[in-house]
Amino acid sequence: MSRAIRLRHLNLGSCNGCDIELLEALRQSPEVELVSDAKEADLLVLTGAMTPENAARIDLESFDPSLAVILLGPCATTQGAFSPSSRALPHNFGSEEGRTVVSVYGCPPRPEAILAAVREVAGREGWGS
Amino acid sequence: MTTREVYMQCEIPEVYRVALTVDSEDLITGAKLEGGFASRGLGRLVAGRHADLEMAIFVIERICGICSHAHTMAFSEAVERALGIDVPPRAAALRTIVAELERMQSHTLNLAETADEVGARRARDLAWAVRAELTKCLLELTGNRIHYGMNRIGGVTQDVFQKTADALGERLSDLRDMVDRLGTAYEDEARRAIEGVGRWEPTDSEDVWGTGPNGRAAGVETDVRVETPYSAYRWLRPVVIVEHGGCAWARSLVRLRELRGSRDLVLRLLSDLPSGDIQVEEIPAAVGECHGEATVEAPRGANRHRVGLTSEGRIERLSIEVPTPRSIGGLERALISEPRRHAMRIVASFDLCMSCADGAP
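Source: prediction; values computed, not measured. (Residues numbered from 1 in each chain as written. Chains lettered and ligands numbered in written order. Predicted model: local features only at pLDDT ≥ 70, side-chain atom pairs only at ≥ 80, totals over all residues. Heavy atoms only, no water.)

1. Comments concerning the side chain of threonine 211 of chain B
Residue and element names in this part refer to chain B.
- Counting through the fold element by element, threonine 211 comes out in the loop between helix 6 (162-194) and helix 7 (212-216).
- On the accessibility criterion, threonine 211 (2% relative accessible area) is buried.
- Within polar-contact distance, the side chain of threonine 211 engages the backbone nitrogen of alanine 302 at 3.0 Å.
- With near-sequence residues (within four places) excluded, threonine 211 lies in contact with Thr222, Arg300, Gly301, Ala302, Pro323 and Arg326. (Helix = DSSP H or I, 4+ residues; strand = E, 2+ residues; numbered from the N terminus. Buried < 20%, exposed > 50% of the residue type's maximum accessible area, 1.4 Å probe, protein only. Polar contact = N/O pair within 3.5 Å; in protein donor to acceptor, adjacent residues only side chain to side chain. Contact = heavy atoms within 4.5 Å.)

Set out below in structure tokens:
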């Protein structure tokens, strides 16, 4: 691979489980790195169920519609264990046409599964070797 | 003197941030932590839709991905006290083994983070390597790396084969050398950057008393495992590890020493596992409305769950006091008069957990 795959990680309101497994995945894999600006990122990684506070602070619509997305863990997809809570909001992020979305299950997903998802997206988008 | 405000984005940016005021020489004159972004409404969830005890424990485990077992342990103990249940000794031992392994993995995570903040790369990598071994232990024991699903009301969900216990003991014995190397790497690479930095020693006049490693690093001899023993700590009697000075190095040193302390506790338990059941035969029905409370020593300090049950044995209310809010005041004080470039390493050394602080009802 010619250069690192850059991830922008957004925690929408997680328990930290997915976030730590993401760090463990990054530790195992030097070809993937975190960046702090979505404009520099190859893909977005979302963890946690969206809380009202974060819904007010994070504008998911503002991200490039072609940016690939990984929804990490059931919370980012369906609010997971918190689904009937009024403080875990559903979001439509990832349902836009043309966007590559990969959901990774497991509570939390294993680091190997996270890396597999990143490589899957890289393959689909044609960045990989 | 002119001051200005700066925001410091911490850890994963969306979890919390610290607002600082700094003077013209970049010394910190004021600090305020802003959080509350990750509250998921657990209290209402557990007292409503998930009021069933089996459902509730699943959600309660997900308050935190780092110290989930400390939450289910406090919750189980609280419910068991409400219903008058005595957990069999083997179950208490297994609970305690997982609790101590969890403490170790939580401490290594913080040691890695603090080392990373001061560019101590060997120390950081070793901390992660130790943590990787610990997650293997937890995986072998519980089937999970995170959210172990081990606790249930009246005991634990799974037993351990003697073969697995022996293998675990061997793995932990082998870890001694790696933990020693981590300690040496911390001395060599990190100590200079964090010694004397970010001092906080709670005094009698302060409203916020320290808890957990942050308190113990400031000379406060506090440890729930010893003060009000529960589970296997009743017969284990762990040693309280105290350091003085209350600086970032003292906080890291307490965690480094507790790695060895917890490891020894697990080895003691594994070498002499009580035989018998891992679960009480029957969960007694609630005798009218009842309530129970329990405090456990989570990796970050005292974690108290108070639960009220209906006469049908469903949860009516649940309140949780997690340790992190008791460290936030200390952090805000420790930052004052420090150069701004020290801010991140001081924040890291306090090992805050906002998913607990926000997530607890």
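2. Things to note about the interface of chain A and chain B
- Listed per partner, the contact involves 30 residues of chain A and 35 residues of chain B.
- Carbon and sulfur atoms supply 61% of the area buried between chain A and chain B, which totals about 2,700 Å² over both sides.
- In this structure, the connection of chain A to chain B is made through one salt bridge.
- The residue arginine 145 of chain B makes a salt bridge to glutamate 21 of chain A at a minimum N-O spacing of 2.6 Å.
- Applying the counting rule to chain A against chain B returns five residue pairs in polar contact (both at pLDDT 80 or more).
- Elements with a contribution of two residues or more to the side of chain A that touches chain B: strand 1 (5-11), helix 1 (17-28) and helix 2 (52-57) of chain A.
- Ranked by residues supplied to the side of chain A that touches chain B, first place goes to helix 1 of chain A with seven residues.
- Each residue belonging to the side of chain A that touches chain B can be placed in one class, and the counts come to eleven nonpolar, ten polar and nine charged. (Buried area = accessible area lost by both parts, 1.4 Å probe. Salt bridge = Lys/Arg side-chain N within 4 Å of Asp/Glu carboxyl O. Nonpolar A, V, L, I, M, F, W, Y, C, P; charged D, E, K, R; others polar.)

3. As for unusual backbone geometry
- Omega for the peptide link from cysteine 107 of chain A to proline 108 of chain A comes to -10°, which places this bond in the cis form.
- Mapped onto the fold, proline 108 of chain A is located in the loop between strand 5 (101-104) and helix 4 (111-125).
- Despite not being glycine, aspartate 26 of chain B shows a phi value in the positive range, around 65°.
- By the element assignment, aspartate 26 of chain B lies in the loop between strand 2 (17-23) and strand 3 (28-34).
- We classify aspartate 26 of chain B as partly exposed; its relative accessible area is 27%.
- You will see that arginine 237 of chain B, though not glycine, has its phi angle at about 50°, which is positive.
- Mapped onto the elements, arginine 237 of chain B comes out in the loop between helix 9 (233-236) and helix 10 (248-271).
- Classification of arginine 237 of chain B by relative accessible area gives exposed; the value is 55%.

4. Re the sheet that holds strand 1 of chain A
Residue and element names in this part refer to chain A.
- The strand order across the open sheet formed by five strands is 2-1-3-4-5, and the pairing between neighbours is parallel. Either end of the sheet is taken by a strand with one partner, and the two such strands are strand 2 (32-34) and strand 5. Neighbour to neighbour, the strand axes of the sheet diverge by 25° on average, direction disregarded.
- Relative to strand 5, strand 4 (residues 68-72) runs parallel, the two being bridged by four bridges. Counted as the bridge partner of leucine 71 is serine 103 from strand 5. (Pairing = 2+ DSSP bridges. Axes fitted to C-alpha atoms, helices over the stretch in contact; angles between N-to-C directions.)

5. What to know about the nonpolar core
- Phe75, Leu101, Tyr186 and Ile315 of chain B are the most contacted members of the largest nonpolar core, which totals 103 residues.
- If sequence neighbours within four positions are ignored, phenylalanine 75 of chain B has contacts with Leu53, Ala56, Ile57, Ile60, Ile153, His305, Val307, Ile315 and Leu318 of chain B. (Core = buried A, V, L, I, M, F, W, Y, C linked by side-chain atoms within 4.5 Å.)

6. Some remarks on the confidence of the model for chain B
- When pLDDT is averaged across chain B, the result is 91; 96% of the residues are at 70 or more.
- Predicted complex metrics record ipTM = 0.91 and pTM = 0.94. (pLDDT = per-residue confidence, 0-100.)

7. Some remarks on the packing of helix 4 (residues 89-117) of chain B against helix 5 (residues 121-142) of chain B
Residue and element names in this part refer to chain B.
- Contact pair helix 4 / helix 5: the axes reach a minimum separation of 8 Å and the direction vectors enclose 160°. Comparing their axes, helix 5 and helix 4 come out roughly antiparallel. Between helix 4 and helix 5 lies a crossing whose hand is left-handed. Two secondary-structure elements touch here, helix 4 through Ile97, Val98, Leu101, Met104, Gln105, Thr108, Leu109, Leu111, Ala112, Ala115 and Asp116 and helix 5 through Ala123, Arg124, Ala127, Trp128, Val130, Arg131, Leu134, Cys137, Leu138, Leu141 and Thr142.
- Each residue belonging to the contact of helix 4 with helix 5 can be placed in one class, and the counts come to 16 nonpolar, three polar and three charged. (Parallel < 35°, antiparallel > 145°, perpendicular 65-115°, else oblique. Left-handed = near helix turned anticlockwise from the far one by under 90°.)

8. Description of the pattern of salt bridges
All names here are of chain B.
- Within the structure shown, the criterion is met by 38 salt bridges over all chains.
- A salt bridge links aspartate 180 to arginine 260; the nearest nitrogen and oxygen atoms lie 3.4 Å apart. Placement of the pair is aspartate 180 in helix 6 and arginine 260 in helix 10, with a sequence separation of 80 residues.
- Given a relative accessible area of 34%, arginine 260 falls into the partly exposed group.

9. Description of the pairing of strand 1 of chain A
Residue and element names in this part refer to chain A.
- Counting buried positions over the seven residues of strand 1 gives six, a clear majority of the element.
- Here three bridges tie strand 1 to strand 2, and the two strands are oriented parallel to one another. Across the sheet, the residue bridging to arginine 6 is glutamate 33, located in strand 2.
- Note that strand 1 and strand 3 (residues 43-47) share five bridges and pair parallel. Looking at strand 3, one finds that arginine 8 is bridged to leucine 44.

10. Re the sheet that holds strand 7 (residues 301-309) of chain B
Residue and element names in this part refer to chain B.
- Pairing is antiparallel in the open sheet, where three strands are placed in the order 6-7-8. For this open sheet the edge positions go to strand 6 (290-298) and strand 8 (315-321), each flanked by a neighbour on one side alone. Ignoring which end each strand starts from, the neighbouring axes of this sheet average 15° apart.
- Pairing geometry for strand 6 and strand 7, over nine bridges, is antiparallel. Bridge pairing links alanine 294 to histidine 305 in strand 7.

11. A few points about the pairing of strand 7 of chain B
Residue and element names in this part refer to chain B.
- Of all nine residues in strand 7, seven are buried; the element is thus mostly enclosed.
- Across six bridges, the pairing between strand 7 and strand 8 is antiparallel. Directly across from arginine 304, in strand 8, lies its bridge partner glutamate 321.
- Hairpin connection from strand 7 to strand 8: five residues lie between these consecutive antiparallel strands, with glycine 313 at a positive phi of about 80°.

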